[in-house]
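Working through the structure, step by step
Residue strings, one per chain:
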Amino acid sequence: MTSGTPEPADKSRVEPRRKRGRKRIKGSMVPEAEFTSYYGRPILKRPTWKNPDIPVYLWAGGMAGTSSVLAVLADTTGRPALRRGARLVAAGGAIVGTVALIHDLGRPSRFLNMLRVVKPTSPLSVGSWILAPYAGLASAAAASEITGIAPRLGKQAGWGAALFGPPLASYTAVLVSDTAIPAWHEARDELPVLFVSSAAAAGAGAGLLLAATPENGPVVRLGAVAAGIELAAGKALEKRLDGLPGGVVDAYRTGKAGRWNRAAHVLTTLGGLGALLARRSRAGSALAGLALTAGSLATRFAVFEAGIQSAATRSTSSRRSASGSPAASAPTARAAGWRRNAAPRRSPAPDTCSIAPPAPHPTNVIRPARSATSCPRTGLPLQHGPHHLAHRTGGARSTTSAKRSWFDQRRTRALGELEPCPDVHVDHYSDDLEPFLLVEVGGHPLVDLLEILTRGSVSSPGERLGIAQSRLLRVAEQAGLPP
Amino acid sequence: MGFFTDTSVCIGCKACEVACKVWNQVPADAGPTGSGTSDLAELDLLGMSYDNTGDLGANTWRHVAFVEAPPRTPGAGDVRWLMSSDVCKHCTHAACLDVCPTGALIRTEFETVYVQPDVCNGCGYCVPACPYGVIDVRPDDGRAFKCTLCYDRTKHGLTPACAQACPTESIQYGPLDELRERADRRLEQLKAAGVAEAQLYGRDPGDGVGGDGAFFLLLDEPEVYGLPPDPVVTTRDLPGMWKRAAAAAAGLAVAVAVAFVEGRRR
Amino acid sequence: MSRYLPYLAELQPRAFCEVSPELARERGLVQNGWATLVTARSAIELRVLITERMTPLRIDGGETHQVGVPWHFGHGGFATGDSVNDLLSIALDPNVHIQESKALTCDIRPGRTPRGPALRALVEDYRRRAGLTP
């Protein structure tokens with residue numbers, strides 16, 4: 001939303017949002033203040049999930065989950081080559097996925113903590129409990145396939161893996177949509193279909209790649225159908241997000257995610273069509289299978305990158321103005337976060353604090369001493385014009401007028417008078433607190449006396465004063481005074 | 001127990017930030033949070049008023065925001081310099097806690113949300129789950145960190161470090177009921193004094209996260225302070241997601257089976 | 001002292017000056033960019049914080065800009081930056097003998113401060129044009 005080229009469709013999306021503007025000033029003459037965020041910073045944290053660990057896991061898990069179902073059914077229907085290939089893909093996908101997940105952890109040595117609890121509220125916990133038995137069973141089936149040892153047990157393990165396979169392929173959709181990231185969370189209805197069809201396409205693609213031509217009838221049909229559903233689910237997802245405020249859909253259309261998405265579309269379309277058209281050719285089937293599998297991988301990368309981009313742009317941009325061109329003024333500390341699309345905030349004439357009328361903000365007004373034609377101390381003539389005063393932040397905001405209060409005088413003394421003279425002056429006044437240090441009560445210095453009086457209960461006079469002050473403030477609070 | 005942060009009296013001294021880091025031994029952070037640099041020679045300004053921290057994160061559990069907002073009525077009055085000390089909200093329905101697969105995130109006896117550093121394995125699921133963008137993984141450590149609401153102090157009846165250090169009692173610690181009453185009184189007081197834009201944030205137990213354990217009195221819209229206007233705990237929609245995922249899984253099994261059935265017929 | 005404490009240094013890590021948007025526009029200063037402050041004594045470089053909290057003053061019909069500079073930085077520690085003391089004459093507080101003057105006139109220009117002989121040349125040029133040196 002904040003980056004990328006402005007689309008014509010932008011406006012239709014933005015218009016209804018503006019209505020949600022600032023309720024408080026609606027209907028008044030005040031131009032609507034538009035703002036995006038706190039200095040344009042995103043509210044959400046960027047997911048710390050690593051790339052490519054997580055997208056690869058999403059892809060490998062899905063492919064494995066589908067493959068184990070394929071393996072079982074291929075076994076039942078007497079397709080040994082497809083069974084062999086699918087079993088190997090299932091085990092390989094499970095192992096690759098598990099390794100990727102463990103590598104993604106901040107503390108990989110603690111991966112067993114994943115099985116510490118069973119938590120239905122945590123898709124990752126549920127997923128761990130799916131993946132762990134799945135990986136074991138799929139590996140056992142593959143081991144039996146390769147070695148030929150205990151084919152009966154291998155078959156049973158294969159059935160077990162087939163039981164965990166579909167959940168393994170679909171839970172990952174919950175995994176990503178159970179987050180605060182709009183591109184993932186708002187797509188929660190479509191992501192399961194997208195992920196499962198992507199998994200089916202990948203599994204079928206792997207089957208096409210590995211199984212011989214006469215056996216590939218099921219994977220051809222599965223691949224073609226899955227590719228179609230995957231494309232349709234992707235469209236449905238974008239359509240839903242398109243209706244949402246904040247430009248959530250841009251996360252899927254722009255940047256890296258957009259590129260992956262387009263690649264996925266092309267690959268999946270080619271793979272689906274290729275599977276149907278080239279099913280009699282071994283090489284053609286293999287190519288189509290490769291395209292389907294690659295398309296699935298591209299889909300996972302697209303979804304992953306969309307989440308990353310969505311997190312980075314989620315900056316309460318929902319209130320950005322449609323016509324909001326940044327003000328042409330010099331950038332200020334707040335310019336990044338604040339935009340005002342109406343008239344400039346201040347009229348040009350009273351741009352500066354003026355002296356003649358009693359200024360509303362005395363802290364910002366420096367009144368030149370007396371006639372202000374010569375420096376009060378040195379007698380040098382004063383030059384007026386755009387010269388620059390540097391002063392310490394928070395200091396030297398004195399008010400030099402004919403009658404100054406005791407407090408003002410004291411403050412002015414302590415801070416030094418602000419003079420538009422050459423920068424040479426020596427302050428002969430003593431510091432603020434010195435008179436207090438010297439005050440005597442009954443022949444005893446006051447400060448020492450305070451220490452004697454407060455000994456026992458409170459350690460220092462400063463603390464004593466602090467307590468008195470906070471009591472005073474309490475009184476003010478009780479009286480209902482503003483701070 | 002929780003925090004009430006009254007930003008109308010915050011003076012932006014950042015004592016809470018420093019007190020928090022000192023007590024909890026959180027490392028100083030070079031550059032914006034999450035940049036991953038720990039070399040203090042790379043410290044730099046952010047150009048965001050007096051805020052050089054940027055946001056909450058693994059190494060920043062209290063963050064003082066400085067907002068230079070235009071005056072309420074354009075052309076009248078000074079820039080409103082708003083300061084606010086942000087912190088983990090300790091949501092009643094905490095997404096980070098819900099999604100944590102290891103049980104490292106727990107709810108303490110004070111109804112606060114706490115990461116057990118000896119259990120966390122750094123899976124990072126809590127990071128995108130948090131609707132406020134509070135919790136983060138420390139890159140050099142690998143585990144997730146956030147405000148503990150000084151669990152070690154509260155266990156011994158002490159006030160959390162930030163509330164203890166706050167010189168203006170902008171940060172108040174206490175039982176939530178009491179704090180809510182106090183906040184309501186304060187809001188009334190400010191409204192009566194003509195501060196129409198004052199509002200409470202996260203106070204309402206009926207909101208999308210069930211009310212915040214750390215709530216705020218703000219002097220402008222939440223977005224201005226970098227807070228989400230209407231946060232929702234992501235797990236609120238989880239039952240529906242599980243149902244759809246289960247249906248999708250069944251659909252996958254059926255689709256594969258159908259592919260074979262038809263194959264046999266041909 | 002506080003420059004050496006990481007927890008404090010990270011809060012305000014570099015020397016900076018605050019200017020109004022008007023002055024920034026007039027002098028071509030950019031947010032978080034470099035600016036050079038020049039007085040009759042020397043020049044220092046600081047980062048720019050443009051803020052509407054700083055307002056130009058209207059004094060006897062003339063517009064006067066303010067530049068706010070915190071008094072904190074030096075070469076040591078983590079939070080480094082040029083020392084504002086370089087710009088000043090010595091005016092010590094009689095109680096604690098700490099630099100006491102708070103306000104002075106200066107010029108501000110965009111960019112970093114030259115070092116070595118170039119710095120001397122820059123300041124000399126300012127002095128000559130101001131009529132401080134013949």
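So, here's what we can say about the structure. For clarity, every value in this text was computed on a predicted model and none was experimentally measured. (Residues numbered from 1 in each chain as written. Chains lettered and ligands numbered in written order. Predicted model: local features only at pLDDT ≥ 70, side-chain atom pairs only at ≥ 80, totals over all residues. Heavy atoms only, no water.)

Along chain A, the regular secondary structure elements total 15 helices and five strands. Looking at chain A as a whole, 47% of its 483 residues qualify as buried. Considering only residue pairs separated by 6 or more positions, chain A has 72% of its internal contacts joining residues 24 or more positions apart. As presented, chain A carries roughly 22,800 Å² of accessible surface, and 64% of it is formed by carbon and sulfur atoms. (Helix = DSSP H or I, 4+ residues; strand = E, 2+ residues; numbered from the N terminus. Buried < 20%, exposed > 50% of the residue type's maximum accessible area, 1.4 Å probe, protein only. Contact = heavy atoms within 4.5 Å. Areas by Shrake-Rupley, 256 points an atom, 1.4 Å probe, with all protein chains shown as cover.)

Next up on the list: the nonpolar core. Core analysis: the largest hydrophobic core is formed by 123 residues, its most contacted members being Leu191(A), Tyr252(A), Phe3(B) and Leu105(B). Excluding residues within four positions of it along the chain, Tyr252(A) makes contact with Ala183(A), Trp184(A), Ala187(A), Leu237(A), Leu241(A), Ala257(A), Gly258(A), Asn261(A), Val303(A) and Ala306(A). Membership of the second largest hydrophobic core comes to 30 residues, among which are Val72(A), Ala74(A), Leu292(A) and Ala248(B). (Core = buried A, V, L, I, M, F, W, Y, C linked by side-chain atoms within 4.5 Å.)

As a further point, take the side chain of Asp104(A). In this structure, Asp104(A) sits in helix α3 (residues 80-104). A distance of 2.7 Å separates the side chain of Asp104(A) from the backbone nitrogen of Lys50(A), its partner in a polar contact. If we skip the residues at most four places from it in the chain, Asp104(A) touches Thr48(A), Trp49(A), Lys50(A), Asp53(A), Ile54(A), Gly122(B) and Cys123(B). (Polar contact = N/O pair within 3.5 Å; in protein donor to acceptor, adjacent residues only side chain to side chain.)

A few words on empty space enclosed by the protein. Evaluated as defined, the whole model comprises 18 cavities of 30 Å³ or more. Approximately 190 Å³ is the volume attributed to the largest cavity. What lines the largest cavity is a set of 18 residues, among which Gly54(B), Asp55(B), Asp86(B), Tyr225(B) and Gly226(B) lie closest to the centre. Breaking the lining of the largest cavity down by element, the ones donating at least two residues are β2 (62-69) and β3 (80-87) of chain B. Tallied by class, the residues present in the lining of the largest cavity amount to eight nonpolar, five polar and five charged. Forming the walls of the second largest cavity are 14 residues, and the residues nearest its centre are Leu194(A), Gly234(A), Asn261(A), His265(A) and Thr299(A). Looking at the lining of the second largest cavity, the elements with two or more residues in it are α8 (217-242), α10 (255-277) and α11 (282-313) of chain A. Classifying every residue of the lining of the second largest cavity gives seven nonpolar, five polar and two charged. (1 Å grid on protein atoms, 1.4 Å probe; cavity = no way out; pocket = protein on both sides within 12 Å on 5 of 7 lines; lining within 4 Å. Points joined across faces, edges and corners; volume = space filled by probe spheres on them. Nonpolar A, V, L, I, M, F, W, Y, C, P; charged D, E, K, R; others polar.)

This part is about the sheet that holds strand β10 (residues 214-218) of chain B. All names here are of chain B. Strand order in the open sheet formed by four strands is β8-β1-β10-β9, with mixed pairing between adjacent strands. Of all the strands in the sheet, just β8 (171-174) and β9 (199-201) have a single pairing partner and so form its edges. On average, each strand axis in the sheet is inclined to that of its neighbour by 20 degrees, with strand direction left out of account. Two strands pair when backbone bridges link them, and strand β1 (residues 2-6) and β10 are joined in this way by four bridges, in the parallel orientation. Along β10, the bridge assignment pairs Phe-4 with Phe-215. (Pairing = 2+ DSSP bridges. Axes fitted to C-alpha atoms, helices over the stretch in contact; angles between N-to-C directions.)

One pass over the structure, following the stated rule, counts 34 salt bridges over all chains. With a shortest N-O distance of 3.0 Å, Asp75(A) and Arg83(A) are connected by a salt bridge. For Arg83(A), a relative accessible area of 21% puts it in the partly exposed group. The residue Asp44(B) makes a salt bridge to Arg47(C) at a minimum N-O spacing of 2.9 Å. Here Asp44(B), found in the loop between α1 (15-24) and β2, pairs with Arg47(C), found in strand β3 (residues 43-50), and the two come from separate chains. Residue Arg47(C) is classed as buried on the basis of its relative accessible area of 9%. Overlapping salt bridges, with partners in common, bring together Asp75(A), Arg83(A), Arg84(A), Arg87(A), Glu145(A) and Lys155(A) in one network. (Salt bridge = Lys/Arg side-chain N within 4 Å of Asp/Glu carboxyl O.)

Another aspect to go through is a positive patch on the surface. A surface patch of like charges, here positive, comprises Arg46(A), Lys256(A), Arg259(A) and Arg262(A). Within the secondary structure, Arg46(A) is located in the loop between β1 (33-35) and α2 (53-76). (Patch = residues over 30% accessible without salt bridge, like charges linked within 9 Å, V, L, I, M, F, W, Y side chains within 5 Å. Lys, Arg positive; Asp, Glu negative; His and termini not counted. Charge placed at Lys NZ, Arg CZ, Asp CG, Glu CD.)

For the rest of this paragraph, the subject is the side chain of Thr36(C). Residues and elements named next belong to chain C. Position of Thr-36 relative to the elements: it lies in strand β2 (residues 34-38). A distance of 2.7 Å separates a polar atom in the side chain of Thr-36 from the backbone oxygen of Gly-111. A polar contact of 3.4 Å, which involves the side chain of Thr-36, links it to the backbone oxygen of Arg-112. Those residues in contact with Thr-36 that lie beyond four places of it in its chain are Ala-43, Ile-44, Glu-45, Asp-107, Ile-108, Arg-109, Gly-111, Arg-112, Thr-113 and Leu-122.

Residue and element names in this part refer to chain C. Most of β3 sits inside the fold, with eight of its eight residues counted as buried. In terms of strand pairing, strand β1 (residues 16-19) meets β3 through four bridges, oriented parallel. Bridge pairing in β3 places Cys-17 opposite Val-48. Pairing geometry for β2 and β3, over five bridges, is antiparallel. Bridge pairing links Trp-34 to Arg-47 in β3. The hairpin formed by β2 and β3 contains four residues between the paired strands.

Residues Phe111(A), Leu112(A), Leu115(A), Val118(A) and Trp129(A) make up a contiguous nonpolar surface patch of about 470 Å² in total accessible area. With respect to the element layout, Val118(A) can be found in the loop between α3 and α4 (123-147).

With the rule as written, the count across this model stands at 15 aromatic pairs over all chains. When the centroid spacing of 4.9 Å and the interplanar angle of 50 degrees are considered together, the rings of Tyr114(B) and Tyr151(B) count as tilted. In this pair, Tyr114(B) sits in strand β5 (residues 113-115) while Tyr151(B) sits in helix α4 (residues 151-154), placing the two residues 37 residues apart along the sequence. Residue Tyr151(B) is classed as buried on the basis of its relative accessible area, which comes to 13%. Ring-pair connections join several aromatic residues into one group, and the members of that group are Trp49(A), Trp184(A), Phe304(A) and Tyr125(B). (Phe/Tyr/Trp six-rings, centres within 6.5 Å; stacked < 30°, edge-to-face > 60°.)

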